[in-house]
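# Chains, contacts and geometry: an overview
Chain by chain, the residues:
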Amino acid sequence: MRFNERELVSLSRQPSERAAELGMRGPKKGDVVKKRLVKLVVNFLFYFRTDEEEPLGALLLEECRVEQEDDQAFSIIFLDEAERKYLFECDSQQQCLEWIECIVKASYEFMRKSLIFYRSEIQRMTGKDPLEQYGISDEARFQIGTIPSIQDT
Amino acid sequence: MTHDDKFKKYIISRWPGNLGEDLIRRVVMKIHGKVLSHYLSCCSPVDKAGYLYRKSERTGSYQKRWFILKGNLLFYQERPGDSSPLGVFVLEGCSVELCDSDEQFAFSVSFSGQGGGTYKLAAENQAAQESWIKALLSASHGFLAMLVRDLERQYKEVISETRGSVPSQQSPLDDKGLTQFLASQNYGPSLCMHGRGPAGRECQSCNAGQLLHVSLISRKSAAKRSPKLWTNKVIHERPVNESVPQIEEWSSGGELPLEDFCTLHELYGKDVKDLLAARQVNSEKDKDVEEEEAADSE
């Protein structure tokens, strides 16, 4: 799949929500744990060889499962396939839990749902729609429960 | 010279300039296309879809493509029914503007930052042009994060105002409101916490909605029984610069009272503010480092 590489690399260089050296193991059989600089920027998890400027890869943190593996490790699983399970080893349980939390909350879909919740609660309690001031009240993507049909506009 | 360096040198010698650099990135940086395709095609709704004309960087001509906006990603493919997209734009740090072009109803998506490019698109009519520009401008992760923070703040304000006028035990607000709501949505990232056991694992699968609750519980079980100790531990684990707000004692009923939930929200909010402040400092540091490195390489 083509993607705007330069912009994505540029994104990986920006200040991140969270970055640390973690042990990382890829999903393929025979993959071993390697030390990587792991960096969370928006809803992407970039991983670098330590001291390299260009990331080795970028994982999109949507539609994935985050599991705590044991005290200090967590894994991210895509498409529910074992062949797409990435393991990350942290230095402490606290670091591990913080990473898990950050990753889940970084997801665009998670943020969208939180927004819908707050919006409906505020509307319910005050009678006012808090999104009106932004001029985006009508946008399908912030409606509760409806799945908008794909429109040819 | 490492294997990668030799490889890069070969590529650049054969395809100098941008093409060589792009090739290196394509080979060296993995984008995990299948994961992106899955996100596009899974059950959560798309934000916008329609035909747009895309100016090819190579040929300069406009090609009609089916574009799909989902989250901060703009996918494109030949037709609506295609099984996987041809490509994707990650929409962070971009500006969207009307632009002059041979094509009518054209607009451009420009990226700032190192190596940022400009991509030209054209819609089929003015309404579509305006609608797409509006959608793309507000698609970024940063924008949504700002909205969420703002609404979260408003939500807490409304709760505390309501609480002021209503006795707490009659508060209609469920402190697990957010987590339950999120749990009721069927799609999205899910969290699985494992119980520790020698043989196999007991997996309590829960989705992102229960994340806050679960992570609070895991901290709680790590601490002693006394509620006061638990809340103190939570406070000290998080690097909060300002003075810690008072947390009322709570019964050991197992439920986290609304006030504590709100306070924890506030603590999270402070963390975000601290991160943003640190980001300012770091981005200045990064600039210094980049300038140093540029100077060194000359």
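What counts and how
- Sequence positions are assigned chain by chain, starting from 1 and proceeding in written order.
- Chains carry letters from A onward and ligands carry numbers from 1 onward, assigned in written order.
- Given that this is a predicted model, residues contribute local features only at a pLDDT of at least 70 and side-chain atom pairs are listed and counted only at 80 or more, while totals for whole chains, interfaces and linings are drawn from all residues.
- Only heavy atoms go into the side-chain values, all of them from the structure, while hydrogens and water stay out.
- Note on conventions: DSSP H or I runs of at least 4 residues are helices, E runs of at least 2 residues are strands, and numbering of each starts at the N terminus.
- Buried, partly exposed and exposed residues are distinguished by accessible area as a fraction of the type maximum, computed with a 1.4 Å probe on protein chains only: under 20%, between the cut-offs, and over 50%, respectively.
- We call two residues contacting when some pair of their heavy atoms lies within 4.5 Å.
- For two strands to be treated as a pair, DSSP must find at least two bridges joining them.
- Classification of ring pairs rests on two measures: the distance between centres of Phe, Tyr or Trp rings, Trp counted by its six-membered ring, which must be within 6.5 Å, and the angle between planes, read as stacked under 30 degrees, edge-to-face over 60 and tilted in between.
- Whether a charge sits over a ring depends on NZ of Lys or CZ of Arg being within 6 Å of the ring centre and within 35 degrees of the ring normal.
- For every residue, the predictor assigns a confidence score, pLDDT, that lies between 0 and 100.
- Salt bridge criterion: a side-chain nitrogen from Lys or Arg within 4 Å of a carboxyl oxygen from Asp or Glu.
- What we call a nonpolar core is a set of buried Ala, Val, Leu, Ile, Met, Phe, Trp, Tyr and Cys residues that are connected through their side-chain atoms within 4.5 Å.

## With respect to the overall build of chain A
Across its full length, chain A holds three helices and eight strands. For chain A, the N- to C-terminal ordering of α and β elements is β-α-β-β-β-β-β-β-β-α-α. Out of the 153 residues in chain A, the part that is buried amounts to 56%. Taking all contacts inside chain A whose residues are at least 6 apart in sequence as the whole, residues at least 24 apart take part in 41%.

## Structural notes on the sheet that holds strand β2 (residues 62-70) of chain B
Read from one edge to the other, the open sheet built from eight strands follows the order β1(A)-β4(B)-β3(B)-β2(B)-β1(B)-β7(B)-β6(B)-β5(B), with strand pairing classed as mixed. The open sheet has two edge strands, β1 (2-3) of chain A together with β5 (94-98) of chain B, and neither has a second partner. Across two bridges, β1 of chain A lies against strand β4 (residues 87-90) of chain B in parallel orientation. Following the sheet pairing, F3 of chain A is matched in β4 of chain B by V88 of chain B.

## What to know about the packing of aromatic side chains
Here the distance between the centres and the angle between the planes together describe a pair of aromatic rings. Summed over the entire model, instances satisfying the criterion amount to 11 aromatic pairs over all chains. Each ring, one from Y118 of chain A and one from Y155 of chain B, has its centre 5.0 Å from the other, and the planes form 50°; the classification is tilted. Taken together, the residues Y118 of chain A in helix α3 (residues 108-126) and Y155 of chain B in helix α5 (residues 141-165) connect one chain to another. Each member of the pair, Y118 of chain A as well as Y155 of chain B, carries the same accessibility label: buried. An aromatic cluster of at least three residues, connected via ring pairs, comprises F67, Y76, F89, F111 and Y119 of chain B. In this structure, K70 of chain B is placed above the aromatic ring of Y39 of chain B, and the distance from its NZ or CZ to the ring centre is 4.8 Å.

## Details of the confidence of the model for chain B
Parts of the prediction with low pLDDT should not have their coordinates interpreted in detail. All names here are of chain B. When the pLDDT values of chain B are averaged, the result is 67; 51% of them are 70 or greater. pLDDT under 50 marks residues 186-261. Its contacts with residues more than four places away, or in other chains, come to 140 contacts. Here residues 289-298 is modelled with pLDDT under 50, and outside its nearest four sequence neighbours on either side it reaches one contact, counting other chains as well. Here the predicted complex scores 0.66 on pTM and 0.88 on ipTM.

## Here we look at the pattern of salt bridges
All names here are of chain A. In this structure the tally under the stated criterion is 17 salt bridges over all chains. E21 is the salt-bridge partner of K35, the closest N and O atoms lying 3.4 Å from each other. Remark: E21 occurs in strand β2 (residues 18-25) and K35 occurs in strand β3 (residues 33-41); sequence separation between them is 14 residues. One salt bridge connects R112 with E109, and the closest N-O pair in it is separated by 3.0 Å. Taken together, the residues span about one helical turn, with R112 and E109 both in helix α3 at a distance of three residues. Overall, R112 belongs to the buried group, its relative accessible area being 2%. Taken together, the shared-partner salt bridges connect R13, E53 and E54 into one network.

## Topic: the nonpolar core
Ranked by internal contacts, the top residues of the largest apolar core, which has 66 residues, are F44, L45, F74, F88 and W99 of chain A. In this structure, F67, L74, F89 and I133 of chain B belong to the second largest nonpolar core, which totals 21 residues.

## Concerning the environment of D22 of chain B
With respect to the helices, strands and loops of the structure, D22 of chain B is situated in helix α2 (residues 18-28). Sequence separation between D22 of chain B and I12 of chain B is 10 residues, and the spatial gap between their C-alpha atoms is 9.9 Å. Here D22 of chain B is in contact with E5 and R6 of chain A, once residues within four sequence places are set aside.

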